[in-house]
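Chain by chain, the residues run as shown.
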Amino acid sequence: MKKWLAVVVLVLSAGLASAEKAGVKVAELSAGGDAKEVKVEQQVSKVVITCTEGSVIINTVVVRNGSQATPHKVGARINKGETQQITVGDRVDCTGLRISDDGRGTYVVRVKK
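Just so it is clear, the model here is predicted, and its values are computed rather than measured.

Undergrad: Just checking my understanding: could you explain the nonpolar core for this structure?
TA: The tendency in soluble globular proteins is for nonpolar side chains to be buried side by side. In terms of nonpolar packing, the biggest core is built from 22 residues, with Val 47, Ile 49, Leu 97, Ile 99, Tyr 107 and Val 109 touching the most fellow members. Within the residue set of this core, elements represented by two or more residues are strand 1 (24-30), strand 2 (36-53), strand 3 (55-65), strand 5 (83-103) and strand 6 (106-112). Per-element accounting of this core gives the leading share, six residues, to strand 2.

Okay, here's the thing in structure tokens:
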């Protein structure tokens, strides 16, 4: 019985560690049009953008904390299955992101602490 319990605990902690490495999903967006506002409300050190369909161009990611805004120029084309990781600091308080994009694809936005 103790062996099974140990295996279950090990599997659960591996799953949590894997989810933490991938980050927290905060949005799934379609590229094109106006810049997108994404609510975050947590500390962030990295923003991870993964293209899920087509191709997208990420121009700028602005990290907002209340009235403060810190822009991060990206200028990257991301094709389906590819990922772009943007380092924004060391556990920066973030109320939201504003993402300026282009293209005709869709993408997922995750944040890491």
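Undergrad: Can you help me understand the sheet that holds strand 3 in this one?
TA: Hydrogen bonds between backbone atoms are what pair the strands of a sheet, whose relative direction is either parallel or antiparallel. Spatial strand order, 1-6-2-5-3-4: six strands in an open sheet with antiparallel pairing. Only two strands of the sheet have a single partner each, and these edge strands are strand 1 and strand 4 (68-79). Direction aside, the axes of adjacent strands within the sheet are offset by 25° on average. Alignment of strand 1 against strand 6, held across six bridges, turns out to be antiparallel. Within strand 6, the residue paired with Val 24 across the bridge is Val 111.

Undergrad: Explain the pairing of strand 4 to me, please; I cannot follow it from the model alone.
TA: As a general feature of sheets, a regular strand has side chains that alternate between the two faces. Pairing analysis gives 10 bridges linking strand 3 to strand 4, with the strands arranged antiparallel. Residue Thr 60 lies in a different strand from strand 4, and its bridge partner there is Lys 73. Taking the residues between adjacent antiparallel strands as the criterion, strand 3 and strand 4 are bridged by two residues, where Gly 66 takes a positive phi near 65°.

What counts, and where the lines are drawn
Along each chain, residue indices are assigned from 1 in the same order as the chain's sequence is written. Two thresholds apply to this predicted model, a pLDDT of at least 70 for residue-level local features and 80 or more for giving and counting side-chain atom pairs, whereas whole-chain, interface and lining totals are computed over all residues. To get the side-chain values, take all heavy atoms of the structure and skip hydrogens and water. Take the buried residues of types Ala, Val, Leu, Ile, Met, Phe, Trp, Tyr and Cys, join any two whose side-chain atoms come within 4.5 Å, and each joined set is a nonpolar core. Type-normalised accessible area, obtained with a 1.4 Å probe on protein chains alone, sets the label of each residue: buried when under 20%, exposed when over 50%, and partly exposed for intermediate values. Only runs of H or I of at least four residues qualify as helices and only runs of E of at least two qualify as strands under DSSP, and these elements are numbered from the N terminus. Strands were regarded as paired on the criterion that DSSP finds at least two bridges between them. Here an axis means a line fitted to C-alpha atoms, over the contact stretch when the element is a helix, while the angle between two N-to-C directions is reported on a 0 to 180 degree scale.

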